[in-house]
Amino acid sequence: MNYAEQLQESMEEFKNFADNLKKGVENLASADEIKLGQTEKELVYEDGKRKLYRYKARADKVCPVPTLIVYAMVNRYTMLDLQPNRSMIRNLLDQGQDVYLIDWGYADRMDRYLTMDDLINGFMDDCIAHICQQHQLDAINLLGVCQGGTFSTIYAALHPEKVQNLITMVAPIDFETDDSLLFVWSKQMDVDLMIDAYGVVPGDLMNQSYQMLQPLTLTVQKYVNMVDLMADADKLADFLRMESWIFDSPDQPGEVLRQNAKDLFKENKLVKGEFELGGQKVDLKNISMPVLCIYADYDTLVPPISSKKLLEYVGTKDKQELSFPVGHVGMFVSGKTQATLAPRIAEWVSQRV
Amino acid sequence: MQDFFKQQADWLKTWQDQQEKLTKQYANWGEELTQGFQGATRQKMPTNFEELLKTQQDLFEQFSNFGATLQKNIQQAWGDKLPTDLLKQFNFTLLQEFYKSWLGNMKFPGGLQNPFMAGQNWADPSSFLNNFMQTEHPFFSTFSNRNLHEEMQKLFGILQGSAFGGGDLYSQLFTTYQGFFNQLTNTAGQQGFDKLLEGFNNWKEQMDNYLLAPQVGINRETSQDCSKAISLSLDYMQAFANMSKLLEETARKAGNRFQAKLVERSLNNEPPIKFSDFCSLWTQENEAVFLDVFGSKEFATTQGEFAAAGLRLKIQLNSLAEKVLDQTPIALKRDVDLAAKEIMQLKRDLRKSRKQQEQLAAEAKAAQDAVAASEQRFEKLEAALTKVQDLTEKAEQSGKAPTTRRTKSAEKAPTKRATSAKSPKTTSRTKKPAGTPAE
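Residues numbered from 1 in each chain as written. Chains lettered and ligands numbered in written order. Predicted model: local features only at pLDDT ≥ 70, side-chain atom pairs only at ≥ 80, totals over all residues. Heavy atoms only, no water.

1. Considerations on the overall build of chain B
Broken down by element type, chain B carries 14 helices and zero strands. Partitioning the contacts of chain B with sequence separation of at least 6, the portion at a separation of at least 24 is 72%. For chain B, the accessible surface area stands at approximately 25200 Å², while carbon and sulfur atoms represent 52% of it. (Helix = DSSP H or I, 4+ residues; strand = E, 2+ residues; numbered from the N terminus. Contact = heavy atoms within 4.5 Å. Areas by Shrake-Rupley, 256 points an atom, 1.4 Å probe, with all protein chains shown as cover.)

Structure, rendered in structure tokens:
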């Protein structure tokens, strides 16, 4: 390519860039409010900020055993229901699952002393009791996502009689690995100081450490790329929805974070059989129900090895792993993954109810 | 709001017209320049060169203005719809830096260096990256001196406005202290930090002579608290300097790698012609170096120490502020925490009571069910007994019943009757509310 052609190409690109920006600003000005989590649901139980929702069935034949989804506290559950064509929840409903979901809400200063025990043996247990009572069942299916997967695993080990099937998705279980920068950094962070200084640790601070995992891609390149899609109103709306989710990070109750950081990230007590909750030791061997462990091959937040190690420690013989060639967030937004994820879960569950 | 959108549309139209005009003009000048080179000796400066430069400069300014106005407009249009932290990310001023660099890196024929924005192009990528990581990148800016500096300014405001004993000494202390942190914001490089730390250390020693001198009364505790804050500040400055040096070094390595890649691509006749390619290359090459360092034990430790030093100082400053506010009727964080702790414990107790109540209710229900079942059984037995008695009586009357059987029935009947007669009374007592007189 000679100089004149190079210049021509550059100028052409610059003109397109300018055109995209212009259309993008018009699209931004006329776009509607960004809405996430639009699948129809009903509030069925609550305790202060924490709520239990039941989603409206979307299939004629519904699974007799409901599934409770437990999401992480560090982000909002809306990732599972970002928009109608990117919704794991909607897909599960279409597959005939009866879906319940825990919304942890937004912690504030009054949650300074909230503990993992309050959340797992408290609210989670109350929700499960409520669902069991409503359906006249002794046990239900539990689907834990990310940190919610860790919570669900702990719950299943403590109350195996109340869990019919356990599904974990991109859940950190074994924290020994150095495959994630978060795992490496957290071992050197003085979490006690952080909690003494903040009480309730700002969600933004947590979020910023996630951005550090790809410091320039997530803070610069992403917004350069945004210009290319700004001209397309739908793509721009998708982008903004995702951004809204990313920056919607609830603050973290100090005591929950303390136990999470010290007992799990630093001392890896769960797989060592040393983790305690409410005065009880959590023994993963108690997990006697069927387990499905789902993880993402290119997960930089929760390395695959951390998730799939669960299967080495559980007591059940009916255990299976399922992986997808995506990253942590890609698990929920990749069209290809979404097309197969919910059907695979539904199929696995239906064989065990 | 409608006016705002109309204003936007007008502004965009003008901008685009101007942009197209300039772009065409620039392309024309470029073509002429190329022709000039082809027809003349390679080193000869074409006659239209100054005009080309001017157009290039105009283009850049046009682009810069666009970035700034776009940022302002997005803020205005979306300020109430998107989270603040998301809006902060729309940093279009960064784009102009890229654009400047991209134009600056374009190669002219004949090996002539593009003189656009001479001395201002991507000459020092490390300083840009270092500055970006420390001041623009959200994680570092959270712990950075800028952020802490703002907090300290607030604290100084509180302390100076309070009835804090010590008069001029504290006033001078705060002013000088603040000055050091102002300097920290603008310090870079090993020598700069060493000099600043040395200056701060000398000042700290002088201050300790005053603050830690034997004192009596309320000032004694305050002086010790201030001295501790100064010591923690020194630790923080040291940790900040260590972190800065590591980032600066990483940024330099990253910048070198990027420039080497640019040269390599040019030599292979594959220069990043497009702006988007240029940005991708920049991100890819720089990030590879950053991630390599971020994954090291050295970085994790330095970052941990940096965060810890900042948090220790924050705790001490919070404690100083709380001591001052303690004398006022304002509720402090620790008061809220105390209340939160009690409320949380009450909630736990309430939940425990509720669970116990549920269990008792379940047990009571089970007992009630058992009583009801017993009653039913008694009623059935009673009915059966009555039937037997009736039959016996009928048999007696008819004189057909055998003597032995009649005797047995006659012996047992009164006992059974007595028992069954008591049952309903017992049941009715249990069912009645407390305080109801027994029948």
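2. Regarding the overall build of chain A
Looking only at helices and strands, chain A has 15 helices and 14 strands in total. Counting over 353 residues, chain A shows a buried share of 64%. Counting every atom, chain A has about 12800 Å² of accessible surface; 45% of that belongs to carbon and sulfur. (Buried < 20%, exposed > 50% of the residue type's maximum accessible area, 1.4 Å probe, protein only.)

3. Points about the packing of aromatic side chains
Within this structure, the stated rule accounts for 13 aromatic pairs over all chains. Ring geometry for F240(B) versus F306(B): centroids 6.0 Å apart, planes at 55 degrees, classification tilted. Of this pair, F240(B) sits in helix α10 (residues 219-267) while F306(B) is found in helix α12 (residues 297-325), placing the two residues 66 residues apart along the sequence. Judged on exposure class, the residue F240(B) and its partner F306(B) are both buried. In textbook terms, an aromatic cluster arises when at least three aromatic residues are bridged by ring pairs, as seen for Y45(A), W104(A), F123(A) and F151(A). Sitting over the ring of Y53(A), K41(A) keeps its end group 4.9 Å from the ring centre. We note R112(A) situated over the ring of Y113(A); from NZ or CZ to the ring centre the distance is 4.5 Å. (Phe/Tyr/Trp six-rings, centres within 6.5 Å; stacked < 30°, edge-to-face > 60°. Lys NZ or Arg CZ within 6 Å of the ring centre and 35° of its normal.)

4. Some points on the nonpolar core
Counting residues in each nonpolar core, the largest one holds 167 residues, and the members touching the most others are L68(A), I69(A), V145(A), M169(A), W185(A), I294(A) and M331(A). The greatest single-element share of this core, amounting to 15 residues, is contributed by α10(B). The contact partners of V145(A), leaving out residues within four places of it in the chain, are I69(A), V70(A), Y71(A), A72(A), L80(A), M169(A), V170(A) and F332(A). (Core = buried A, V, L, I, M, F, W, Y, C linked by side-chain atoms within 4.5 Å.)

5. Notes on the sheet that holds strand β1 (residues 41-47) of chain A
Residue and element names in this part refer to chain A. The eight strands are arranged β1-β2-β6-β3-β7-β8-β13-β14 in an open sheet whose pairing can be described as mixed. Edge strands, defined here as strands with exactly one partner in the open sheet, are β1 and β14 (319-324). Put simply, the sheet's adjacent strands are angled 20 degrees from each other on average, direction ignored. Judged from the four bridges that link them, strand β2 (residues 50-55) and strand β6 (residues 99-103) form a sheet pairing that is antiparallel. Bridge pairing links K51 to D103 in β6. Contacting β1, β2, β3 (67-70), β6 and β7 (140-145), helix α3 (residues 116-135) runs over the sheet at an angle of about 30 degrees to β2. (Pairing = 2+ DSSP bridges. Axes fitted to C-alpha atoms, helices over the stretch in contact; angles between N-to-C directions.)

6. Description of the pattern of salt bridges
Scanning all chains against the criterion turns up 32 salt bridges over all chains. Here R351(B) and D126(A) are joined by a salt bridge, their closest N and O atoms 2.9 Å apart. In this pair, R351(B) is assigned in helix α13 (residues 333-398) and D126(A) in helix α3, connecting two distinct chains. With a relative accessible area of 4%, D126(A) lands in the buried category. The shortest N-O distance in the salt bridge between E322(B) and R334(B) comes to 3.2 Å. Taken together, the residues E322(B) in helix α12 and R334(B) in helix α13 connect sequence positions 12 residues apart. R334(B) sits in the partly exposed class, given a relative accessible area of 41%. (Salt bridge = Lys/Arg side-chain N within 4 Å of Asp/Glu carboxyl O.)

7. Some words on the confidence of the model for chain B
All names here are of chain B. In the predicted model, chain B carries a mean pLDDT of 68, and the fraction of residues at 70 or more is 45%. Here helix α14 (residues 403-431) stands out as the least confident element of chain B, with mean pLDDT 43; α13 is the most confident, with 92. Low confidence marks residues 37-46, where pLDDT is under 50. Its contacts with residues over four positions away, or in another chain, come to seven contacts. In the model, residues 107-125 has pLDDT below 50 throughout and makes 42 contacts with residues more than four positions away in sequence or in other chains. (pLDDT = per-residue confidence, 0-100.)

8. A closer look at unusual backbone geometry
Residues and elements named next belong to chain A. At C146, a position not held by glycine, the phi torsion is positive, near 55 degrees. Structurally, C146 is set in the loop between β7 and α4 (147-158). For C146, a relative accessible area of 14% translates into the label buried. Not every positive phi belongs to a glycine, and V170 is a case in point at roughly 35 degrees. Positionally, V170 belongs in the loop between β8 (163-169) and α5 (181-186). In this structure V170 comes out as buried when scored by relative accessible area, which is 0%.

9. Here's the deal with the environment of V25(A)
In this fold, V25(A) is placed in helix α1 (residues 3-30). Between the C-alpha atoms of V25(A) and V227(A), which are 202 residues apart in sequence, the distance is 9.9 Å.

10. A closer look at the packing of helix α8 (residues 217-230) of chain A against helix α11 (residues 275-294) of chain B
Orientation of α8(A) relative to α11(B), taken along the N-to-C sense of each, is 170 degrees, at an axis distance of 10 Å. The orientation of α8(A) with respect to α11(B), classified from their angle, is roughly antiparallel. Contacts between α8(A) and α11(B) pair T217(A), V220(A), Q221(A) and V224(A) from the former with F275(B), C279(B), S280(B), W282(B), T283(B) and E287(B) from the latter. Looking at the contact of α8(A) with α11(B), its residues break down into five nonpolar, four polar and one charged. (Parallel < 35°, antiparallel > 145°, perpendicular 65-115°, else oblique. Nonpolar A, V, L, I, M, F, W, Y, C, P; charged D, E, K, R; others polar.)

11. Observations regarding helix α9 (residues 233-246) of chain A
Residue and element names in this part refer to chain A. Here α9 contains 14 residues, and its C-alpha end-to-end distance of 20 Å stays within 8% of the 20 Å for a straight helix at 1.5 Å per residue. The element α9 is extensively covered by neighbouring structure, given that 10 of its 14 residues are classed as buried. Listing the buried residues of α9 in full gives L236, D238, F239, L240, R241, M242, E243, S244, W245 and I246. A distance of 3.0 Å separates the backbone nitrogen of D234 from a side-chain oxygen at the start of α9, and that oxygen is part of D232. (Expected span 1.5 Å × (residues − 1). Polar contact = N/O pair within 3.5 Å; in protein donor to acceptor, adjacent residues only side chain to side chain.)

12. Some words on the pairing of β7(A)
Residue and element names in this part refer to chain A. By the criterion of burial, β7 is predominantly enclosed, with six of the six residues buried. Sheet topology places β3 next to β7; four bridges connect them, and they run parallel. Paired with T67 across the strands is N141, a residue of β7. Strand direction decides the pairing type here: β7 and β8, joined by six bridges, are parallel.

13. Observations concerning the side chain of R50(A)
Residue and element names in this part refer to chain A. Locating R50 in the fold gives a position in strand β2. Since its relative accessible area comes to 7%, R50 is described here as buried. Those residues within four positions of R50 in sequence are excluded, and the remaining contacts are D103, W104, D111, L114, L119 and F123.

14. Thoughts on the side chain of D126(A)
Of note is the side chain of D126(A), whose polar atom sits 2.9 Å from the side chain of R351(B). Not counting chain neighbours up to four residues away, the residues in contact with D126(A) comprise Y45(A), R351(B), R354(B) and K355(B).

15. Notes on the pairing of β8(A)
Residue and element names in this part refer to chain A. β8 sits mainly inside the fold: six of its seven residues count as buried. Taking the sense of rotation as the criterion, the β-α-β connection linking β7, α4 and β8 turns out right-handed. Sheet topology places β8 next to strand β13 (residues 291-296); four bridges connect them, and they run parallel. Following the sheet pairing, L166 is matched in β13 by V291. (Right-handed = clockwise from strand over helix to strand, strands pointing away.)

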